[in-house]
Amino acid sequence: MSTPILSARDLHACADTRPLLVDLDIDVLPGEITAAIGESGSGKTTLGLALQGESRPGIALTGAVELRGVQLLGLPATQRRAIRATAIGYLPQHPAAVLNPVRRVGSVLDELAAVRCATSQERAAAVAEALEAARLDSAPDLLRRYPHQLSGGQQQRIALAQVLLGRPEVLVLDEPATGLDSITKAETVETLTRMSSRGTAMVLLTHDLWLARRLADQVVVLQDGRIVERGPASRLLAAPSHAHTRNLLAAEPRLPTTPRDEPAGQTGAGLSARGLAKTARNGTRLLDGIDLDVPPGRCIAVAGRSGAGKTTLARCLAGLTRPDTGQVLLDGVPLATDIKRRGRSKRTRVQYVHQDARASFDEFRPVLAQVARTAQLACGLGREKARIEAASILESLGLSASQATRRPGALSGGQLQRAALARALLARPVALICDEITSGQDLINQAELLDLLAETVRTAAVGLVLISHDLPAVAAIADEIHVLEAGRCVEHSPTQVLLTEPRTTVARELVDSASGGDATTNSGLMGREGEH
Amino acid sequence: GGGGSSNGRLRVAFPTAGAKESLDPHTSSLFVDQARAKALFDTLVGYADDMSVVPRLAESWEPDATGTRWLIRLRDARFHDNRPVTADDVLYSYRRIADAATASPARRQFAAVDFAASRARSASELELVLQAPDFEFPSVWGAPATEIVPAGTTDFTAPVGSGPFRFSSFQPGRPAVFARFDGYWGGPPTPAELEFVPINEESARVAALMSGQVHYIHDVSANSAKLLQGDSRAQLLAASQGTMQAVALKIDRPPFNDPRLVRAVLSSVDRKALVDVALSGHGQLGNDLFGMGLKYYPQDLPQRGRDVDLARDLLRQAGAEGLQFELLTSAADPYFESAATLIAQQLGEAGMRVTPRMGPSETYFSDIKKNGVAAHTRTATLPLTTFMGQRMRGDAGSNNYTGYRSPEFDALFTRALSTVDQAGRARLLADAQRLARDTSGLVIWGFSDWNVAVSSAVTGVRPAPPNSLDWARFDRAALG
Amino acid sequence: MGLFVLRRLGAAALQLAAVAVAVFALTSILPGDTAVVVLGEHATDEQVTALREQLGLDRPLWERFLDWLGSVVHGDLGQSLLTGEAVSDEIARGFATTALLTLLALAVVIPLAVAAGVTTGLRQGSLLDRVLNGVIVMLNSVPEFALALLLVALFALQLGWLPATAAGASGWSLATQPAVLVLPVGVLVSKQLCALARQVRIGVAEADNAEYAMHVRLHGLSEGKVVFRHVLPNALGPAVQQLARAVDGLLGGVVVVEAIFALPGMGSGFIGAVMARDLPSVQGYALVFAATTITLNLLADVTSRRLVPQREVVA
Amino acid sequence: MLGVPALVALVGPALAGPVRSVAGPLEPPGAEFPLGTDVLGRDVLALALSGGTSIVVLAGLSLLLSYLVGVPLALLVTSRHNRWADGFLLRVMDFVLALPGLLVLLVLAATGWRGVATLVVAIAVLQLPAVVRIVRSAALAPGCRAAVEAMMMQGEPWWRIHLGYVGRAVLGPVLVDAGNRLSLVLYLLASANFLGLGLAPSASDWAVLVERNKEALFLQPLTVLVPAALLVALCMGTNLLLDQSLARRNGAATA
Ligand SMILES: Nc1ncnc2c1ncn2[C@@H]1O[C@H](COP(=O)(O)OP(=O)(O)OP(=O)(O)O)[C@@H](O)[C@H]1O
Ligand SMILES: Nc1ncnc2c1ncn2[C@@H]1O[C@H](COP(=O)(O)OP(=O)(O)OP(=O)(O)O)[C@@H](O)[C@H]1O
Ligand SMILES: [Mg+2]
Ligand SMILES: [Mg+2]
Ligand code: NI
């Protein structure tokens, strides 16, 4: 076998005295895909950074990391950067943060292409290739947008395209599929496989077993910073030997097959939307005549491909984006379309959990304090009481007190998502809108989290809107699924009906790609993108 | 730079007032206007350093016995367009000055002239008739803004005069260039060209002089004077007793309608300290009289000194211990502010509480005519009789800053003017001044030097007090 | 954006009108009037009254204002009370000098501020940062006149390299004597540099820590491109506003520099007009100043909006 | 750096001798007057010692005033609760900015508003629009972060969001601006004095001293340079101190 291009020995990461990574040895070979799987908070992101010789502030790295025989750890930052710049491509877990908010995505791509390509034709070709590989159509309109004008999945794919532009020898991909719907995900897998077969080494950091199964040659399983098991993907994922791995695999959801009983919500109560429409400044139709009812005690799922308008709809409901026409009603009474014009008590009635959970936290204050603040404001609890309340709900979501008292920067992606959910739950909302909250969770956490949500919906009579492109996950608790396509609701039916007899192509594709897995890749759907 | 010297262009720097400037000699009140007028025009007489008159366009003159009818003979001089200067030109000029529509600063001085009776006897002989006797009348002919212009002139954009330089170019607030007038009655001037360069900031003028950008600078502060004295590139020309520095106490209103309080102020001012500090020693002690060193100035009076005890006594007598008033001052004159601070301190030592108050400089002198009870003021060199007639006489109106109204003074002054005998006149004028010194409310604490400077290459310019003939006179200047 | 600009232009017209009224009112509150100033120290009351009548100063204030407004609406700023010259001509003359100084100063100060801000911002806390910052702050806090005089003393009087003053030159013709402009521009730059450079610095320091900067750096983008294309655009918000203030200050006339170097610009022109209570001129200057201020604010705001495109979402 | 002027401003007045005219003007440094005398014959050392308090207090007050009003105002305007009112407020600010400050000060002087308090308020008001604009431009980006939306949904009152969260994000530009504005205000205070506003021309205030002794720059440099150096030290000290605290804050944030 060839020599490893990137290898880590005795890798140790410590925050204060707490170990985040313990005695890690990893070799990354050219043309091989190594997947590190593990539950949320197990140290995947920390590992990904460490393999580049980096660490988040407050974390100390020891051990050795060699890139093509050059020792990365211990080098001064500028030198280290220079060495790894051309060799390693890194797709971080929160791609939104790496996109420059004031630059059009196309011009940045062009600029990055210029690092390697001299002429403008070469550049254009390289950009087109990268976009193609990242499954983004190179529509000129898309390239002229600013990052905030892209959907979460589009941002992720732009970031991926940036990474691919560099034609690195090693790719470190941290949760590359969180923002992608199952169709796009399958297509992306295709690209990555092709790249790896051309000799690119990859490190895949993910909790997504499906992804690992489809992509990885080697798998390491992380638990609390330790490698508990490692081996070839085919063997390990099929027949795990370690208990932890078995747990992880067992939690994988399947589309439910039994129908669920329909609790009848009172009509007119809860959150509802009538005729929501929104057109972007540049003329793109983002939403088009959406009607939605979220009665208390019911869970409505909104599915659709990346860029279909799910987040836009959610933001309109929450009053964060002002629709051009249409109304949002709460218990039959119109709500102001701008949250600033909603009274304080009304604001807390509708809660929205951002797709990018990290961005929704104040980076300077401990997470616990921020979560507790909701309890204080919404329920009028005293400071101490609020803290206790917040700590307990965080605990139930799997966040220990010691984790919660840290600042957002020192939590993992999944942990932040859960904290954001906790914050929204504490407000005791009438309607709760969750935007892709399962995307950052490992399967164990995801199941727990969905249980908790289902529980809340039932006991606290909350109307829940679950936005996700992960049909298996939401199907578990959703009563009804709306399928969005290019800003329009193309189909909505009870969960079971939709899963079994999808009427539209989008719905069918979504169901197919989610249930079978293999079907999509072979079904010749490649190269398609949610049409907008 | 100093390239001007090679082609004989003398560059002189004056502060300007921007668009306010004009070449109309009869409306000019700024120094720069006066200096330009002096270059372009001429007056009947000029003032020597002591403000006695010396003949210019007027070759000679004589009054009749009553002092109301004056016969003036003109010399043979020509305007730039080669016309001779005639009695008609003079009459036209004086009529124009006396006309209210012209708004000339010299108008009041011609108020007593009976133009209906005055006439040109011949081209070179002129008879001016006065309504009241005035044996000091010739000093009016040399006052600023009394230049002779060709009869009929109304437009001064490219004026014609009889002065040593002829007009070349000018725009208000910008440089003015004049060329040598070879037909000048006093002989052709030395510089081929004369350029007036506007530089308002004093430090900029000094720097321009030292770096050779200009050859003459007008108005140098005491501190810069010190600096220039030690520099080989420039030469300081200081005319002592240039400008009277005084505080005007309004004696027509409380508190200074009580003469004891006026005397209290007079005796608590430390004139020596003021001259030393406020004028940096570049000046003379004042003796509460205008015109030190000028003709008719009573030299024999003892110097008034400081007597704080007396001041306290007077205050007590007047029941005004802790007397409180505001002393108006402004940046209109560079010495006012320092002086105000010092005077406030000195009067404080005698038990008065004085607050200096800054006023806007442009309207300062009109503001203090009506407002306040005490204000800094100054007066450039003038013939003594002009000063007494226009600033102290009861009919002087608002120009009498202190509100001094004394029939006794007026009578003495009028008698003096109608006295033929020079010595008798001097005696009467001295009496009038002595009277005013104690009661007029003017605290004349000093006389500041009048400083100009020339580059060391320049010769033919001498120190002279403002308004005198030799002040800002460039026809004899030579670039070495 | 277009609508935004249109709305702002409408507001600008109102603002200009408000400034005109306010300046008119303020100037007439000032004691004294043109007649007093023109006639000088020893004028008599009757002279003043006569001149006042002649200049029309005896008419009621509102009548004069309406007259003035009428002519402004027709594009005429009126005539100076002092000289009878058209106010627009007078302003145009000062404007030439001021504009020249402004352009030169900006041509120096903008690149310098960006360079200094970037250099120090990227190395926050280093020795270089501290030294450079110290110098920049010092240049700013040294009294302007002292700096100017010391420069003149050294470069003009001692070394003789540069002319001490403009001595009579003014307007665009100054461009033919570049040496004259070196020192004044130097002083102006030293005054304006601090605020700009330091705003750039803090912006760069904060934006340089952002992930997107690090990210493109890791893509092998040259440091120059990273800084100028990625860090700076995010760092410039406050600096742009500061730049607007700087240009505003420069165009509004730089009184001390104009005085010390004998450069007759708008600053001295305006002060002269105020001192002379020359209402039409004061109004003219005030209008021009207000118009530049408002235009600059508009430009700065448009730029600010461009620098924060994500604001669109909230709007 | 800040220590020297701060110390002088604090304890100087206690140590200073009389600040009256006691000798000839512009005497060079000597045994009696270690730093010489100024144009009014006052002891420069005594002046320098006693002249810090007023300038520090006055400049501090007017700066404080303008930021205390300006920062919340700007943040309020950025939060855009009421677009019409905010737009109006901004246009009013622009109007104040467009007013010639000189004219305002002159009118104050002419109408008898000569007090120090008036001056402090006037200067603060004249600085206000610029402060508002800077803060607003700095607050634009942080004001539309997801964190702000989250807080809004939490039911945080707007002032807590904007003063707390956004305020923190704009601290950098604001402190930089304040440091810069300090020197502006220092000299503005002194030049207002020449219009007859605020401090007396005879005040021993550092900035007034510098203006007052302008002419003596080359004759007795110490009269200008000593107070000027104290002012420069004050400005540099303040600015560098602000820099340090900002750097420390940033360090703390990333750590
Ligand atoms: N700066 C820090 N100081 C202390 N603890 C930290 C810090 N950064 C991360 N951690 C903790 O280290 C653990 C590992 O974090 P990491 O981000 O690597 O997890 P992850 O495996 O990527 O999880 P996820 O799938 O949720 O993204 C987490 O428990 C996190 O809370
Ligand atoms: N401000 C905007 N201007 C123009 N287009 C926008 C803007 N915001 C969003 N879009 C576009 O609108 C579409 C819908 O975006 P939205 O964020 O709602 O998608 P989404 O369904 O949430 O996708 P994802 O699953 O990737 O998060 C996308 O194609 C996006 O590019
Ligand atoms: Mg992670
Ligand atoms: Mg989305
Ligand atoms: Ni629907």
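Residues numbered from 1 in each chain as written. Chains lettered and ligands numbered in written order. Predicted model: local features only at pLDDT ≥ 70, side-chain atom pairs only at ≥ 80, totals over all residues. Heavy atoms only, no water.

1. Focus on the coordination of the nickel ion (ligand 5)
Residue and element names in this part refer to chain A. Stated formally: Metal coordination here is assigned from N, O and S atoms located within 2.8 Å of the ion, or within 3.2 Å for Na, K and Ca; omission of water means that sites may look incomplete. Each residue is assigned to one of three classes by its accessible area relative to the maximum for its type, calculated with a 1.4 Å probe on protein chains only: buried under 20%, partly exposed between the two thresholds, exposed over 50%.
Within the protein, the nickel ion (ligand 5) binds to His482 (ND1) and Cys489 (SG); these donor distances fall in the range 2.3 to 2.4 Å. In this structure His482 comes out as buried when scored by relative accessible area, which is 3%. Judged by relative accessible area, Cys489 falls into the partly exposed class, the value being 25%.

2. Observations concerning the packing of helix 4 (residues 83–98) of chain D against helix 6 (residues 116–143) of chain D
Residue and element names in this part refer to chain D. The following threshold applies: Axis angles are defined between N-to-C directions and span 0 to 180 degrees, where every axis is a line fitted to C-alpha atoms and, for a helix, only to the segment in contact. By the criteria applied, helices consist of DSSP H or I runs no shorter than four residues and strands consist of E runs no shorter than two, each listed in order from the N terminus. Here is the rule for angles: anything less than 35 degrees is roughly parallel, anything more than 145 is roughly antiparallel, 65 through 115 is roughly perpendicular, and the remaining ranges are oblique. Each helix crossing is assigned a hand: it is left-handed if the near helix lies turned anticlockwise from the far helix by less than a right angle, otherwise right-handed if that turn is clockwise. The contact definition used throughout considers only heavy atoms, calling two residues in contact when any of these lie within 4.5 Å. Put simply, Ala, Val, Leu, Ile, Met, Phe, Trp, Tyr, Cys and Pro go in the nonpolar bin, Asp, Glu, Lys and Arg in the charged bin, and everything else, Gly too, in the polar bin.
Relative orientation of the contacting elements helix 4 and helix 6 amounts to 130°, with a least axis distance of 8 Å. Between helix 4 and helix 6, the angle is such that the two are oblique. Two packed elements cross with a definite hand, and for helix 4 against helix 6 that hand is left-handed. Of the residues in helix 6, those touching helix 4 at Leu90, Met93, Asp94, Val96 and Leu97 are Val125, Leu128, Pro129, Ala130, Val132, Arg133 and Arg136. Looking at the contact of helix 4 with helix 6 residue by residue, the classes come out as nine nonpolar, no polar and three charged.

3. Description of the domain arrangement of chain A
Residues and elements named next belong to chain A. We apply this condition: The source of the domain bounds is an automatic or database domain assignment. Joining two parts hides part of their accessible area as seen by a 1.4 Å probe, and the buried area is that hidden amount summed over both. Every case where a carboxyl oxygen of Asp or Glu lies within 4 Å of a side-chain nitrogen of Lys or Arg is listed as a salt bridge. Whenever a nitrogen or oxygen atom comes within 3.5 Å of another N or O atom, the pair is scored as a polar contact, on the condition that within protein one atom can donate a hydrogen and the other can accept it, and that pairs from neighbouring residues in sequence are kept only if both atoms are in side chains.
According to the domain assignment, chain A consists of domain 1 (1–87 + 169–250), domain 2 (97–167) and domain 3 (271–361 + 423–523). When each unit is reduced to the centre of its C-alpha atoms, the spacing between domain 1 and domain 3 is 32 Å. Listed by partner, the interface residues are 19 residues for domain 1 and 18 residues for domain 3. Three residues stand out in domain 1 for area buried against domain 3, namely Asp181, Ile183 and His207, and they jointly supply 34% of the buried area on that side. Applying the counting rule to domain 1 against domain 3 returns one salt bridge. Salt-bridge contacts for Arg305 lead to Asp181; the nearest nitrogen and oxygen are separated by 3.5 Å. Our count for the domain 1 to domain 3 interface comes out at eight residue pairs in polar contact (both at pLDDT 80 or more).

4. Quick notes on the interface of chain A and chain C
The interface of chain A with chain C comprises 30 residues on the first partner and 23 residues on the second. Taken together, both faces of the contact between chain A and chain C bury some 2,500 Å²; the carbon and sulfur share is 55%. Ranking the residues of chain A by area buried against chain C places Val102, Glu111 and His148 of chain A at the top, with a combined share of 21%. Seen at the junction of chain A and chain C, the total is two salt bridges. Across the pair Glu211 of chain C and Arg358 of chain A runs a salt bridge, and its minimum N-O distance is 2.7 Å. Counting every contact that joins chain A to chain C gives eight residue pairs in polar contact (both at pLDDT 80 or more). Listed by contribution, the elements that provide at least two residues to the side of chain A that touches chain C are helix 2 (77–87), helix 3 (105–114) and helix 6 (152–165) of chain A. At four residues, helix 3 of chain A tops the list of elements feeding residues into the side of chain A that touches chain C.

5. Section: the site of ligand 2
How we decide: Consider each residue's heavy atoms; a residue with any of them within 4 Å of a molecule or strand counts as near. Values of accessible area rely on a 1.4 Å probe in the Shrake-Rupley scheme; residue burial ignores everything except the protein chains shown.
If you check the shell around ligand 2, you find 24 residues, and the closest are Arg145, Gln154, Ser306, Thr311 and Thr312 of chain A. Residues near ligand 2 are shared among chains A and C, making this a multi-chain site. Lys310 of chain A has a polar backbone atom sitting 2.8 Å from an oxygen atom of ligand 2. Burial of ligand 2 by the protein amounts to 94% of the accessible area it has alone, namely 630 Å². Contributions of two or more residues to the shell around ligand 2 are made by helix 6 and helix 11 (310–318) of chain A. Split by residue class, the shell around ligand 2 holds four nonpolar, 15 polar and five charged.

6. Here's the deal with the confidence of the model for chain A
As a reminder of what qualifies: For every residue, the pLDDT score states the predictor's confidence, bounded by 0 at the bottom and 100 at the top.
When the pLDDT values of chain A are averaged, the result is 83; 93% of them are 70 or greater. Taken as a whole, residues 517–532 of chain A scores under 50 in pLDDT and shows 33 contacts with residues more than four places along the chain or in a different chain.

7. Comments concerning the confidence of the model for chain C
Interpretation of this model should avoid reading the predicted coordinates in detail wherever pLDDT is low. All names here are of chain C. Averaged over every residue, the pLDDT of chain C is 85; residues scoring 70 or more account for 97%. Mean pLDDT across the elements of chain C bottoms out in helix 15 (residues 311–314) (57) and peaks in helix 5 (residues 87–122) (91). On the interface metric, ipTM, the complex scores 0.87, and its pTM is 0.88.

8. Things to note about the site of ligand 1
All names here are of chain A. Surrounding ligand 1, one finds 24 residues, the nearest of these being Ser40, Lys44, Thr45, Thr46 and Ser412. A distance of 3.3 Å separates an oxygen atom of ligand 1 from a polar atom in the backbone of Ser42. A distance of 2.7 Å separates an oxygen atom of ligand 1 from a polar atom in the backbone of Gly414. Protein contact buries 96% of the 640 Å² of open area that ligand 1 shows by itself. At the level of secondary structure, the elements contributing two or more residues to the shell around ligand 1 comprise strand 2 (18–28), helix 1 (44–50) and helix 16 (413–426). Residues belonging to the shell around ligand 1 are distributed by class as follows: six nonpolar, 12 polar and six charged.

9. Some thoughts on the environment of Ala179 of chain B
Residue and element names in this part refer to chain B. As for its position among the elements, Ala179 is in strand 9 (residues 176–180). Distance in space between the C-alpha atoms of Ala179 and Pro164 is 8.7 Å, their sequence separation being 15 residues. Leaving out residues up to four positions away in the same chain, Ala179 has contacts with Pro164, Phe165, Arg166, Ser168, Ala192 and Glu193.

10. Focus on the coordination of the magnesium ion (ligand 4)
All names here are of chain A. Surrounding the magnesium ion (ligand 4) are the protein donor atoms Thr311 (OG1) and Gln355 (OE1), at 1.9 to 2.3 Å. Residue Thr311 is located in helix 11, and its partner Gln355 is located in the loop between strand 16 (350–353) and helix 13 (367–379); the two are separated by 44 residues in the primary sequence. A relative accessible area of 22% means that Gln355 is categorised as partly exposed.

11. Considerations on a nonpolar patch on the surface
Residues and elements named next belong to chain D. Spelled out, the test is: A patch consists of residues exposed above 30% relative accessible area that lack any salt bridge, with like charges linked at up to 9 Å and nonpolar side chains (Val, Leu, Ile, Met, Phe, Trp, Tyr) linked at up to 5 Å.
A cluster of nonpolar side chains, Leu64, Leu65, Leu68, Val69, Val121 and Val125, forms an exposed patch at the surface whose accessible area comes to about 490 Å². Looking at the nonpolar patch, the elements that each hand over two or more residues are helix 3 (52–79) and helix 6. Among the elements that take part in the nonpolar patch, helix 3 stands out by supplying four residues, more than any other. Its location among the elements puts Leu64 in helix 3.

12. Digging into the sheet that holds strand 3 (residues 33–38) of chain A
Residue and element names in this part refer to chain A. Condition: Two strands make a pair as long as DSSP finds a minimum of two bridges between them.
The six strands are arranged 6-7-8-3-9-10 in an open sheet whose pairing can be described as mixed. The sheet is open, and its two edges are formed by strand 6 (88–91) and strand 10 (226–232), each paired on a single side. Geometrically, the sheet is characterised by an average inter-axis angle of 15° between neighbouring strands, direction not taken into account. The pairing of strand 7 (residues 170–174) with strand 8 (residues 201–206) spans five bridges and is classified as parallel. Of the residues in strand 8, the one forming a bridge with Asp174 is Leu205. The sheet contacts of helix 2 involve strand 6 and strand 7, and relative to strand 6 the element is tilted by about 85°.

13. Regarding the state of the cysteines
Cysteine pairs can be linked by a disulfide, which is a covalent bond between their two sulfur atoms. Counted only if it meets this: Disulfides are defined as pairs of cysteine sulfur atoms found within 2.5 Å of each other.
Here the structure, examined in full by the defined rule, presents zero disulfides over all chains. Not engaged in a disulfide, the cysteine Cys434 of chain A finds its nearest cysteine sulfur in Cys299 of chain A; these two sulfurs lie 8.5 Å apart.

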